[in-house]
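If you want the building blocks of each chain, they are given just below.
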Amino acid sequence: MPLSLDILQHPSPNFGGRRGGQQPELIVIHYTAMGSAQAAIDWLCNPEAEVSAHYVIALDGQVTQLVAEEMRAWHAGVGFWQGKGDVNSRSIGIELSNKGDHPFAAAQMDALEALLAEIMQRWDIGPSGVIGHSDMSPGRKIDPGPKFDWLRLARQGLAVWPDQAPAEADWENCAAQFGYDLENPECFAAFRARFRPWAEGGCDAEDARIAARLVQASSKD
């Protein structure tokens, strides 16, 4: 039975209108890197911070909304995905209370899955539109990090994950098609951190196979 979300409201003053009439086509997953969800909420609602997110999810699964989905929250910063910048204007940002050094709590992941399903339905966002902060800003950001369970989301149709089918392809070509900004020298490290964090060494045939399968999975959205 789907989790029923009780969403608290804590409006942040840190938002604006989406530029150029853009609407959400991406959902960006972050971790707060702070000691508690409340500490993160306080910071994201501080006008001096000039940052915000649409939602914060605490360890116990409590969801707090800071910015209306129709508005542009200030969560993504500088970055690119699928060849386009201004990710803030075309995304919804979700912050998970976590410092990135331990797995994400089960109740928190349950709440994230329920929230993602609702947002994706409202805005017609497919699984390939759910990305990490590190995906769109490699090198500058590392969240949600290798402790985040992307495969769990993919099994629920809430993100993409490569299957085991064979594929031969060029990693750079497929990674660019998937969305990575190849002009950023850290994009391969970001790719590895999400899809193959245990691997060592340079780009190999398995990286290319994974990238090719991701492109194929994304084309089904």
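Only a predicted model underlies this, so the values are computations on that prediction, with no experimental measurement involved.

Asker: Explanation requested: the side chain of Asn98 in the structure shown.
Answerer: Considering the arrangement of structural elements, one finds Asn98 in the loop between strand 7 (91–96) and helix 2 (106–123). A polar atom in the side chain of Asn98 sits 3.1 Å from the backbone oxygen of His102. The contacts of Asn98, once residues within four sequence positions are left out, are Tyr31, Thr32, Ala33, Met34, Pro103 and Phe104.

Asker: What is the right way to look at the layout of surface pockets in this model?
Answerer: Empty pockets left among the atoms are what a rolling probe the size of a water molecule brings to light. In this model, the largest pocket occupies a volume close to 360 Å³. If you trace the largest pocket, you find 20 residues lining it, with His30, His75, Glu95, His133 and Lys141 closest to the centre. Taken together, the elements giving at least two residues each to the lining of the largest pocket come down to strand 3 (26–31) and helix 1 (37–44). At 3 residues, helix 1 tops the list of elements feeding residues into the lining of the largest pocket. The class makeup of the residues in the lining of the largest pocket is 10 nonpolar, 6 polar and 4 charged.

How each quantity is defined
Residues numbered from 1 in each chain as written. Predicted model: local features only at pLDDT ≥ 70, side-chain atom pairs only at ≥ 80, totals over all residues. Heavy atoms only, no water. Helix = DSSP H or I, 4+ residues; strand = E, 2+ residues; numbered from the N terminus. Polar contact = N/O pair within 3.5 Å; in protein donor to acceptor, adjacent residues only side chain to side chain. Contact = heavy atoms within 4.5 Å. 1 Å grid on protein atoms, 1.4 Å probe; cavity = no way out; pocket = protein on both sides within 12 Å on 5 of 7 lines; lining within 4 Å. Points joined across faces, edges and corners; volume = space filled by probe spheres on them. Nonpolar A, V, L, I, M, F, W, Y, C, P; charged D, E, K, R; others polar.

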